[in-house]
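Each chain is listed here by its residues.
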Amino acid sequence: MGDRERLSQVFENLLTNAIKNSRSANKIMVKIDKDDINCRCSVQDFGMGIPKSQQDKIFERFYRVSGDTMTTYPGMGLGLYIVKDIIKRHNGTIWVDSEDDKGSTFHVTLPLCS
């Protein structure tokens, strides 16, 4: 159970970011899985990736990934901050796995209703 509008906002943001940040790739991957306790979703892109030094900061308010070879997109740096807050309010978790020049995978885990 969850807020349909807010959870829609989460996945719209993750999908939009994946598309935006992998312009030279021709695909993104979305995986959904569940067990008796949780639903898990991952959104994978094949773009530039997020440097290790910045991965712990990307969920902070107003933070935007930067670097010499990175393209800047319009935005305030609030998207992932809001996503994390929504997931937290649903008793879930979110994290990222990323490698330079190989892309990023954002993982979301949400508890299922009992």
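Report on the accompanying structure.

Calculation rules
- Residues numbered from 1 in each chain as written.
- Predicted model: local features only at pLDDT ≥ 70, side-chain atom pairs only at ≥ 80, totals over all residues.
- Heavy atoms only, no water.
- Helix = DSSP H or I, 4+ residues; strand = E, 2+ residues; numbered from the N terminus.
- Buried < 20%, exposed > 50% of the residue type's maximum accessible area, 1.4 Å probe, protein only.
- Contact = heavy atoms within 4.5 Å.
- Expected span 1.5 Å × (residues − 1).
- Arc of directions from axis to C-beta.
- Disulfide = S-S within 2.5 Å.
- Core = buried A, V, L, I, M, F, W, Y, C linked by side-chain atoms within 4.5 Å.

1. Points about the environment of Val10
Topologically, Val10 is positioned in helix α1 (residues 4-20). For Val10, a relative accessible area of 0% corresponds to the buried category. Taking the C-alpha atoms as reference points, Val10 and Ile87, 77 residues apart in sequence, are found 7.8 Å from one another. Setting aside residues no more than four positions away along its own chain, Val10 makes contact with Val83, Ile86 and Ile87.

2. Concerning α1
Taking 1.5 Å per residue as the helical rise, α1 with its 17 residues ought to reach 24 Å, and the 24 Å between its terminal C-alpha atoms agrees with that figure. Regarding α1, the residues found buried are Leu7, Val10, Asn13, Leu14, Asn17 and Ala18. For α1, the buried positions fall inside an angular range of 125 degrees around the axis, keeping them on one side. Along α1, the residues that are exposed and aim more than 90 degrees away from the buried face are Arg4, Glu5, Glu12 and Ile19.

3. Considering the state of the cysteines
Among covalent bonds in proteins, the disulfide is the one between the sulfur atoms of two cysteines. In the structure shown here, the tally under the stated rule is zero disulfides. With no disulfide of its own, Cys39 has Cys41 as its nearest cysteine by sulfur position, at a separation of 6.9 Å.

4. Some details on unusual backbone geometry
Generally, phi is negative for residues other than glycine and the peptide bonds are trans, each holding for most cases. Even without being glycine, Asn91 reaches a positive phi, approximately 60 degrees. Mapped onto the elements of the fold, Asn91 is located in the loop between α3 (79-89) and β3 (93-99). Look at Asn91 and you get exposed, because its relative accessible area is 65%.

5. Details of the nonpolar core
Counting 18 residues, the largest nonpolar core has Leu14, Ile58, Ile87, Ile94 and Phe106 as the members making the most contacts within it. Only α1, β2 (38-44), α3, β3 and β4 (103-111) provide two or more residues apiece to this core. Those residues in contact with Leu14 that lie beyond four places of it in its chain are Val43, Leu80, Val83, Ile94, Phe106 and Val108.

This is a description of form; function is not addressed.
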